[in-house]
Amino acid sequence: LLVLIFHRRKTTDMMGLTKLVLYLTVCGVYALSKPTEKKDRTFHEKELSDKAHDDSENFEYDHDAFLGAEEAKTFDQLTPEESKDRLGEIVDKIDEDKDGFVTEEELKQWIKFAQRRWTYEDVGRQWKGHDLDSDGLVSWEEYKNATYGSLLDDVDADDGYNYKQMMARDERRFKRADQNSDMFATKEEFTAFLHPEEYDHMKDIVVLETMEDIDKNGDGFIDLEEYIGDMYTADSDGHEPEWVKTEREQFTEFRDRNKDGKMDKDETKDWILPADYDHAEAESRHLVYESDENKDGKLTKEEIVKKYDLFVGSQATDFGEALVRHDEF
């Protein structure tokens, strides 16, 4: 395991830290964790902000949701006039069909973009190290050579895991992300490859990779002991923490829905990719409700800018001129 991590870190500049973390998480490499520490494979949608959502107190939650937490901080440094000007520019981008209105769906997609900006920034960093011929595409050959190179002959004899196996999994995932099957990834396809849990058409790959990691007997299912063994490594006295007993009950009562003693693909998907509450959808409805003066179910730029305090706010300070503003705004 240590050899594997060392070699993966040698290629981190090309792969990016998130790629490394994704492997160590999704592939189930947990040997360095404490025996009593719970390992969680579930992908939950994150809250849009760590602030309380109470409009009677302030609009900080809405600012974080609409802009992303980091961008919201930049708007705190602007005058009201600057906030309104930049908000108007954002509205033009949200209105994708350019019909002069922002719908709940357009607003929801913008909020999801704002929340995933870190993902796109990570992809941007990795893109530079993989689009070797600068043609605006990353081919499978470019990715393979940049990521693995001479490591393909390196085998971890202790656990039988090697880079050829990792490359085969990457190639399968690359092909799923490559929606036109030309073995060249656009930036959007490359994003789906690096962050498959973010895309509906990639979620089956996340489930498949998870099952392959946990299914030790190779029968295509996850039984109770495999489920527990993936989360927990027993200590020397064999005493299980209380949470392990709870997880055994969770498996029997909820995970294994058909009560056959094991989880199939659909049951595994419900476990690791639960149908969470859609925070972005709820927030888009809230913003439209609070800003839609004529109650036609959609927003004009004027309606949004008029409620700029709800969307972006402004707390002007003396540091506004020193602010480094992102290109997209």
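Residues numbered from 1 in each chain as written. Predicted model: local features only at pLDDT ≥ 70, side-chain atom pairs only at ≥ 80, totals over all residues. Heavy atoms only, no water.

1. Overview of the environment of tyrosine 163
- Within the secondary structure, tyrosine 163 is located in helix H10 (residues 163-177).
- With a relative accessible area of 3%, tyrosine 163 lands in the buried category.
- Distance in space between the C-alpha atoms of tyrosine 163 and serine 150 is 9.9 Å, their sequence separation being 13 residues. (Helix = DSSP H or I, 4+ residues; strand = E, 2+ residues; numbered from the N terminus. Buried < 20%, exposed > 50% of the residue type's maximum accessible area, 1.4 Å probe, protein only.)

2. Regarding the packing of helix H9 (residues 140-147) against H10
- Remark: H9 packs on H10, axes separated minimally by 11 Å, with the N-to-C direction vectors making an angle of 150°. Relative to H10, the element H9 lies roughly antiparallel. Read as a crossing pair, H9 and H10 show a hand that is right-handed. Contact residues: Trp140, Tyr143 and Lys144 in H9; Met167, Asp170, Glu171 and Phe174 in H10.
- A breakdown of the residues in the contact of H9 with H10 according to their chemical character gives four nonpolar, no polar and three charged. (Axes fitted to C-alpha atoms, helices over the stretch in contact; angles between N-to-C directions. Parallel < 35°, antiparallel > 145°, perpendicular 65-115°, else oblique. Left-handed = near helix turned anticlockwise from the far one by under 90°. Contact = heavy atoms within 4.5 Å. Nonpolar A, V, L, I, M, F, W, Y, C, P; charged D, E, K, R; others polar.)

3. Thoughts on the environment of leucine 78
- In this fold, leucine 78 is placed in the loop between helix H5 (69-75) and helix H6 (80-94).
- C-alpha of leucine 78 to C-alpha of valine 312: the two residues are 234 residues apart in sequence and 10.0 Å apart in space.

4. Section: the pattern of salt bridges
- The final tally for this structure, using the stated rule, is 23 salt bridges.
- The partner of glutamate 104 in a salt bridge is arginine 285, with the nearest N and O atoms 3.9 Å apart. Residue glutamate 104 is located in helix H7 (residues 104-115), and its partner arginine 285 is located in helix H16 (residues 279-291); the two are separated by 181 residues in the primary sequence.
- With a relative accessible area of 46%, arginine 285 lands in the partly exposed category.
- The salt bridge involving glutamate 212 is made with arginine 172; its shortest N-O contact spans 2.8 Å. (Salt bridge = Lys/Arg side-chain N within 4 Å of Asp/Glu carboxyl O.)

5. Some remarks on the packing of aromatic side chains
- Evaluation of the coordinates by the stated rule reveals 14 aromatic pairs.
- Aromatic side chains phenylalanine 66 and phenylalanine 311 sit 5.1 Å apart centroid to centroid with 80° between the ring planes, which places their arrangement in the edge-to-face category. Of the two residues, phenylalanine 66 is situated in helix H4 (residues 60-67) and phenylalanine 311 in helix H18 (residues 308-311); the sequence distance between them amounts to 245 residues. For the pair phenylalanine 66 and phenylalanine 311, a shared accessibility class is recorded, and that class is buried.
- Here arginine 173 stacks its cationic end above the ring of phenylalanine 193, 5.9 Å away from the centre of that ring.
- The aromatic ring of phenylalanine 101 is capped on one face by lysine 298, whose charged end is 4.2 Å from the ring centroid. (Phe/Tyr/Trp six-rings, centres within 6.5 Å; stacked < 30°, edge-to-face > 60°. Lys NZ or Arg CZ within 6 Å of the ring centre and 35° of its normal.)

6. What about the nonpolar core?
- In this structure, Phe66, Leu87, Leu107, Phe311 and Val312 are the most contacted members of the largest nonpolar core, which totals 26 residues.
- Those elements that place two or more of their residues in this core are H4, H5, H6, H7, H16 and H18.
- Once you skip the residues sitting within four places of it in the chain, phenylalanine 66 turns out to touch Leu87, Ile90, Ile94, Leu107, Trp110, Ile111, Ala114, Leu287, Phe311 and Val312.
- Core analysis: the next-biggest nonpolar cluster, separate from the first, contains 19 residues, Tyr148, Tyr163, Phe174 and Met202 among them. (Core = buried A, V, L, I, M, F, W, Y, C linked by side-chain atoms within 4.5 Å.)

7. Brief notes about the packing of H4 against H16
- Contact geometry of H4 with H16 gives a least axis separation of 11 Å together with a crossing angle of 115°. Of the two elements, H4 crosses H16, and the hand of that crossing is left-handed. Together, Tyr61, Asp62, Ala65 and Phe66 of H4 and Glu283, His286 and Leu287 of H16 make up the contact between the two elements.
- Per-class residue counts for the contact of H4 with H16 are four nonpolar, one polar and two charged.

8. Details of the confidence of the model for the protein
- Looking at the protein as a whole, its pLDDT mean stands at 81, while 79% of the residues score no less than 70.
- Below a pLDDT of 50 lies the segment residues 1-36, which in the model reaches 76 contacts outside its immediate sequence neighbourhood of four places, other chains included.
- Note that pLDDT drops below 50 for residues 315-329; the model gives that stretch 33 contacts with residues more than four away or on any other chain. (pLDDT = per-residue confidence, 0-100.)

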